[in-house]
Amino acid sequence: MPLVVMCGYPCSGKTRRAEELKAHFEETTDRQVHIVGDRALGVDRNSVYADSQKEKDTRASLKAEVERKVNRDNIVILDSLNYIKGYRYELFCLTKHAQTPHCLVHCLTSSEESSLWNKNREAAEQYSQDIFDALVQRFEAPDSRNRWDSPLFTVLKDDVPPLEAVSDALFKRKAPPPNQSTQSQPLSSTNFLYELDKITQDVLMAIFNAQKTSVPGDLVSVPGATEKVELTRTVNMAELRKLRRQFISYSKMHPTEKTGQIANMFVQYLNKGLH
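Residues numbered from 1 in each chain as written. Predicted model: local features only at pLDDT ≥ 70, side-chain atom pairs only at ≥ 80, totals over all residues. Heavy atoms only, no water.

Caption draft 1: Structural context of unusual backbone geometry. Of note, the bond from S150 into P151 is cis; its omega dihedral lies within 30 degrees of zero at 0 degrees. With respect to the element layout, P151 can be found in the loop between helix 7 (129–138) and strand 5 (152–155). Even without being a glycine, C11 presents a positive backbone phi close to 60 degrees. Position of C11 among the secondary structure elements: in the loop between strand 1 (3–8) and helix 1 (14–28). In this structure, Q99 is a non-glycine residue whose phi angle is positive, near 55 degrees. Counting through the fold element by element, Q99 comes out in the loop between helix 5 (85–98) and strand 4 (102–107). (Helix = DSSP H or I, 4+ residues; strand = E, 2+ residues; numbered from the N terminus.)

This is the structure in structure tokens:
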């Protein structure tokens, strides 16, 4: 069932609005309502938001928890900063994959108001001023013209939250259709993965060995391909393996019955990736 993504500055009232939405859904529907957020994970905000890797791990944990709870019976409310545009896009793709609607609730406050609310909290609940200022500076405001930020509900501090409008957006709107980026594609043949792995590995070894005697600018022939690899520079195995992994990931999503074309397709991919 639907996902509600809360968004806003630190201490902008997101948790209060999430609780109001939860109470409304529990009163008007017979569905379970789950709030997923920093508080539920026991996050030490100042520690997490001072360390980019910890923050990345926390976002991944929140997304994973949302993914576990989103189903046909539940309503999920994600109560976190959700201040990064790319992360909101990932959540949108998650809902497309689950084929369920979503909406964004932006708790709009000024940085001065939020800073004052932060200072009035208990010491253990406060953001340090440095962390607070950094989060405000990094905040990427939602834009309803972006499909991942739409439908967008903006709530000011003294507003009555638009509970019915949010409900209508979630329950009276069709789920976004899945597309190739969010829908798993069936492999076209039982032999495909084996051929993909073997052919791309053979191409890499041919390039690696050819570089021992070739010079930048040479065209390198590889097994199974009529096209040649254009080596404008020396390429190490780490870079070749990275390109191979990317090509394999793409090919799994777009499998082909013509396994004889894999080598040429990989050569074309390499020629683009190496220039």
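Caption draft 2: The arrangement of the packing of helix 10 (residues 237–253) against helix 11 (residues 262–273) in detail. Orientation of helix 10 relative to helix 11, taken along the N-to-C sense of each, is 125 degrees, at an axis distance of 10 Å. As the angle between them shows, helix 10 and helix 11 are arranged oblique. For the pair helix 10 and helix 11, the sense of crossing is right-handed. Judged by residue contacts, L243, R244, Q246 and F247 of helix 10 engage I262, M265, F266, Y269, L270 and G273 from helix 11. Here the residues of the contact of helix 10 with helix 11 are counted per class, giving 7 nonpolar, 2 polar and 1 charged. (Axes fitted to C-alpha atoms, helices over the stretch in contact; angles between N-to-C directions. Parallel < 35°, antiparallel > 145°, perpendicular 65-115°, else oblique. Left-handed = near helix turned anticlockwise from the far one by under 90°. Contact = heavy atoms within 4.5 Å. Nonpolar A, V, L, I, M, F, W, Y, C, P; charged D, E, K, R; others polar.)

Caption draft 3: Molecular detail of the state of the cysteines. Evaluated as defined, the whole model comprises 0 disulfides. C103 takes part in no disulfide bond, and the closest cysteine sulfur to it belongs to C107, at a distance of 11 Å. No disulfide involves C107; its nearest neighbouring cysteine sulfur is the one of C7, lying 8.4 Å away. The exposure class assigned to C107 is buried, which follows from its relative accessible area of 2%. (Disulfide = S-S within 2.5 Å. Buried < 20%, exposed > 50% of the residue type's maximum accessible area, 1.4 Å probe, protein only.)

Function cannot be read off these values alone, since they describe shape.
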